[in-house]
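Descriptive analysis of the structure
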Amino acid sequence: MATNTRKVSKNTRVSDLITVEDIQKWEPDVPVIIEAGTGVGKSYFIKNTLYDIAKEEGQKILFLIHRRKCVDQFIMEIEADGKDDVIDIVTYQKFSMHKRCSDFDDEFNPYDYGYIVSDEYHYFTEDASFNDTTDVAYDMIMECPTAVKIFMSATGENIESYMRDYLTDNAQKLGIREGIKPLKYKIPTNWSFINQLYFFYREDAFKRKAEEVICKGTKAIFFIESAKKAYELYKQFEDHAIFCCSDSNKDYAKYMDKEKLSQMLENERFEENLLITTACLDAGVNIKDKDVKEVMIDIRDLGSLIQCMGRRRIGRRKDNGAYSEKIDVYIRARTNQQLGGMVTQIKKDIAPAQFLDFNGEEEFYKEYPRFNANVDKSGIIYTDKKDNCLKVNELMLKKKESDIELYNKMINLSDYGYCSYLADKFERTHKYDKFGNITKWKYEIYEPEYINIMVTLDRYASDKTEFCDKSQKDKLVQELAIRKDRRIVKTAKTINERLLQMGIPYKINEKRTKRKIDGRSKDVRLWTIVRARV
C-alpha cells in the first residue's frame, strides 16, 4: 500500500494533508483511503476542496453514509451551503437496494458519478456482523470503472486488509493491472480529549450514572447496544431524557420523538440531561453541546465503540491543536471469560463457511447435508440465485475472523485484557514520573469493589466449579469479601441478596446432593455459581 509520507502534527487537517494536485492525480483504478479521527475535517474536505474540483470538472460526487440520522444531518448542511448541485447523499443500504431491485434503472447509478465517497467505510466489515448485504454496496463501488473511489474512517483496519486482498484476487474481473494497492493518507487520532477513562461491569451502571447526571444538572450521552435496554432505561428517566434508535427498528422506533431528534441534529445539541441511543448515532452525527461532560458506552464492536466516543465534538485551540475541553469516558468492559465465550461462539458460527471456502459445495453438502442458507442464523453463507450455488459472504467472514484474533489478543494481555487493550489503544496506559517510573494507571475501574466480585464469579461460573466442603466455601467467601454491616457475609442466601442489591448478574445455586468425601458418601450442600437475571 502506498502511504503518503508528508509530516503531520496535532493540528493537521485533511485539507492540509491532501492538495489539489494530489486529487488531480487520482485514478479510478486506485482506491484512496483517508484514515483520520473525528474533528480533523474529513467531511469538510469533501464538501469544499473536492466539491470545487468536481464542479470545475463537471463531475458529481456520491457521498455514501451508513446511518440514516447522519444522512439527515449532512443533507441539511449541504442544502444550507447550496452544494446539493454536485453532492448526492444516500445510505449504503439504499444504494445497494438499487442494485438488487432495479439494476440501476433509478437514481444513484455509480456510473453517473466522477467520485464515490464511502464515509465511515468500516461499515463494510463492522456492520457485516449483523447485516448480510454490506458486500453488495462494496462490490458495486469497486466494480465501477469510471469513478474515483475514496474511503474515509478512523477505524478501517479490517476492511483495509480485505481491500488489499480483494484487489489482488479480482484484478482480472475489475479490469485493472495486477499489483495495484490503495493510496493511503493518514492523520493519527488525537485521544487527548479524554479527561478520564473508566471501565465498568455493573449491570445497573447506566441507571446509577443517570441519577448522578440529573442530580448534578449536567448532560451525558449513553450508547447502548440493545434497543430494548436503551428504551427500558429511557422509560425510567423519560422526563430528563431523549431516546434514539434506528428508524428500521420495528419494536422501538415508534417511541422516538422525531421532532426533538430533528432539532438535535439541526442544532447539534439536546436540551435534556440524557441522550440515550443505540449505535445508530455511532458516526457522522455531531453533538457540540458543552454541557455534555460524560459519554458512557456499552457496545461490543470496537470500531463502533470508537466511533461513539467521537460523537461529542470538542473544539481545538488553533495554536497547538490541543482540545479546549475534555470529557470523561465510561466503557462497559468484558472479562476474559466473557471474551473466551464470544470466541467459542464465533468459531462455531464460521466453521461451515470456512469449510465451504476450502472444500467447495459438493464436499460441503456431504459434511452438512441438512444445511439451509435460508435458515442459517449467521448469514455468512447465502444462495446466489444467479449462479444457483452456495457462496460465502467474505466480508462477514473477514469480520468474524478478525474478531477472534482481536479477542484472543486481549485475553493474552492480562487478567483484565479488555481494559488493557483499550487503554493502550487510547494512549491511556501509564503516567510516569521524571525518572520514567510508572506512578499511576491512566484508567480506572468505575466502582472497583464490584469488579473483583464480578471477575471471581465469572471465572467460577465458566469453569463450573463445585464447592462441596466447608473449606472450599470459606475460601470463596473470603475471595468475594461481600459485606453487610461491615461484616463479611457467609451464607448463600445472604450473599445472593447482596449480589442482587449490587446488580451483579450471578448467584450461588445451593442444593442437597451426595458426594464422596474421604472415601465415604456424604450428604452435602453443594454450591455452584450460575448466571442470574438482575
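Because the structure is predicted, anything quoted here is derived from the model rather than measured.

What counts as what
Residues numbered from 1 in each chain as written. Predicted model: local features only at pLDDT ≥ 70, side-chain atom pairs only at ≥ 80, totals over all residues. Heavy atoms only, no water. Helix = DSSP H or I, 4+ residues; strand = E, 2+ residues; numbered from the N terminus. Buried < 20%, exposed > 50% of the residue type's maximum accessible area, 1.4 Å probe, protein only. Areas by Shrake-Rupley, 256 points an atom, 1.4 Å probe, with all protein chains shown as cover. Axes fitted to C-alpha atoms, helices over the stretch in contact; angles between N-to-C directions. Parallel < 35°, antiparallel > 145°, perpendicular 65-115°, else oblique. Contact = heavy atoms within 4.5 Å. Expected span 1.5 Å × (residues − 1). Pairing = 2+ DSSP bridges. Core = buried A, V, L, I, M, F, W, Y, C linked by side-chain atoms within 4.5 Å. Left-handed = near helix turned anticlockwise from the far one by under 90°. Nonpolar A, V, L, I, M, F, W, Y, C, P; charged D, E, K, R; others polar. Salt bridge = Lys/Arg side-chain N within 4 Å of Asp/Glu carboxyl O. Phe/Tyr/Trp six-rings, centres within 6.5 Å; stacked < 30°, edge-to-face > 60°. Lys NZ or Arg CZ within 6 Å of the ring centre and 35° of its normal. Polar contact = N/O pair within 3.5 Å; in protein donor to acceptor, adjacent residues only side chain to side chain. pLDDT = per-residue confidence, 0-100.

1. Describing the overall build of the chain
Within the chain, the regular secondary structure consists of 20 helices and 23 strands. Looking at the 534 residues of the chain, the share that counts as buried comes to 52%. For the chain, the exposed surface amounts to about 26,700 Å²; the carbon and sulfur share of it is 44%.

2. Topic: the packing of helix α16 (residues 394-411) against helix α17 (residues 417-425)
Closest axis-to-axis distance for the α16/α17 pair is 7 Å, and the angle between their directions is 105 degrees. It follows that α16 is roughly perpendicular to α17 by the angle criterion. Between α16 and α17, the contacting residues are Leu406, Lys409 and Met410 on the first element and Gly417, Tyr418, Tyr421 and Leu422 on the second.

3. Focus on helix α14 (residues 336-359)
In a regular helix each residue adds 1.5 Å, so 24 residues correspond to 34 Å; α14 covers 33 Å between its end C-alpha atoms and thus fits that length. Gly360 occupies a position one or two residues after α14 and carries a positive phi of about 90 degrees.

4. Examining the sheet that holds strand β22 (residues 506-517)
Taken together, three strands build an open sheet; the order of strands is β19-β23-β22 and the sheet is antiparallel. Looking along the sheet, the strands with just one partner apiece sit at the ends: β19 (466-467) and β22. In this fold helix α19 (residues 470-480) packs onto β19, β22 and β23 (520-531), with an angle of close to 25 degrees to the strand it touches most, β23.

5. Concerning the nonpolar core
Residues Leu422 and Phe426 are the most contacted members of the largest nonpolar core, which totals 103 residues. Setting aside residues no more than four positions away along its own chain, Leu422 makes contact with Phe199, Leu302, Leu305, Ile331 and Met410.

6. Focus: the packing of α14 against α16
Packed helix pairs are characterised by how far apart their axes lie and by the angle those axes make with each other. Running from N to C, α14 and α16 point in directions that differ by 150 degrees, and their axes come no closer than 9 Å. By the criterion of interaxial angle, the relationship of α14 to α16 is roughly antiparallel. Crossing of α14 over α16 shows left-handed handedness. Judged by residue contacts, Asn336, Leu339, Gly340, Met342, Val343, Ile346, Lys347, Ile350, Ala353, Gln354 and Asp357 of α14 engage Glu394, Leu397, Lys400, Glu401, Asp403, Ile404, Tyr407, Asn408, Met410 and Ile411 from α16. Looking at the contact of α14 with α16 residue by residue, the classes come out as eleven nonpolar, four polar and six charged.

7. Things to note about the pairing of strand β8 (residues 194-200)
Look at any regular strand and the pattern is simple: side chains alternate between the two faces of the sheet. Judged by how many residues are buried, β8 sits mostly within the fold: six of seven residues are covered. Pairing of β8 with strand β13 (residues 327-332), which is carried by six bridges, proceeds in the parallel orientation. Looking at β13, one finds that Ile194 is bridged to Ile327.

8. Observations concerning unusual backbone geometry
Although it is not a glycine, Glu120 adopts a positive phi angle of roughly 50 degrees. By the secondary structure assignment, Glu120 is in the loop between β5 (115-119) and α6 (123-126). Judged by its relative accessible area of 7%, Glu120 falls in the buried class. Positive phi, normally seen in glycine, also occurs at Ala481, with a value near 50 degrees. Within the secondary structure, Ala481 is located in the loop between α19 and β20 (483-484). By relative accessible area, Ala481 is classed as partly exposed at 34%.

9. A few points about the pairing of strand β4 (residues 87-91)
Most of β4 is tucked away: five of the five residues are buried. Residues Ile87, Ile89 and Thr91 of β4 are buried on one face, and the alternating residues Asp88 and Val90, pointing to the opposite face, are buried as well. Across five bridges, the pairing between strand β3 (residues 61-65) and β4 is parallel. Directly across from Leu64, in β4, lies its bridge partner Val90.

10. Points about the pattern of salt bridges
One pass over the structure, following the stated rule, counts 29 salt bridges. Taking the shortest distance from any N to any O, the salt bridge between Lys260 and Glu272 comes out at 3.0 Å. Taken as a pair, Lys260 in helix α12 (residues 258-267) and Glu272 in the loop between α12 and β11 (274-277) lie far apart in primary sequence, twelve residues in all. Taking the shortest distance from any N to any O, the salt bridge between Arg459 and Glu479 comes out at 3.1 Å. Note that Arg459 is positioned in helix α18 (residues 448-463) and Glu479 in helix α19, a separation of 20 residues in sequence. Accessibility expressed as a relative area gives 31% for Glu479, which makes it partly exposed. Taken together, the shared-partner salt bridges connect Glu35, Glu160, Arg164, Lys184 and Lys186 into one network.

11. Some words on the packing of aromatic side chains
Per the stated rule, a full pass over the model turns up 27 aromatic pairs. Feature note: the residues Tyr92, Tyr121, Tyr123, Phe124, Tyr138, Phe151, Tyr162 and Tyr166 constitute an aromatic cluster, connected by ring pairs. Here the basic side chain of Lys83 rests over the ring of Tyr51, its NZ or CZ set 5.0 Å away from the ring centre. The ring of Tyr460 is capped by Arg459, whose NZ or CZ atom sits 4.8 Å from the centre of that ring.

12. A look at the side chain of Arg334
Here Arg334 is to be found in the loop between β13 and α14. A relative accessible area of 12% means that Arg334 is categorised as buried. Side chain to side chain, Arg334 and Asp298 meet in a polar contact 3.0 Å long. Within the structure, the side chain of Arg334 is placed 3.1 Å from the backbone oxygen of Arg332, a separation counted as a polar contact. If we skip the residues at most four places from it in the chain, Arg334 touches Tyr201, Asp298, Ile299, Arg300, Leu339, Met342 and Tyr418.

13. Some details on the environment of Ser402
Here Ser402 shows up in helix α16. Measuring from C-alpha to C-alpha, the distance between Ser402 and Thr125 comes to 9.6 Å, with 277 residues separating the pair along the chain. One polar contact links the side chain of Ser402 to the main-chain carbonyl oxygen of Lys398, over a distance of 2.8 Å.

14. Points about the confidence of the model for the chain
Summary statistics for the chain give a mean pLDDT of 84 and a share of 88% for residues scoring 70 or more. Below pLDDT 50 for its whole length, residues 431-441 participates in 13 contacts with residues either more than four positions away or in separate chains.

15. Here's the deal with the environment of Ala147
If you trace the backbone, Ala147 turns up in the loop between α7 (134-142) and β6 (148-153). What makes Ala147 buried here is its relative accessible area of 0%. Distance from Ala147 to Pro31, taken between C-alpha atoms, is 9.8 Å for residues 116 residues apart in sequence. Residues contacting Ala147, with those up to four places away along its chain left out, are Pro28, Pro110, Tyr113, Gly114, Tyr115 and Ile116.

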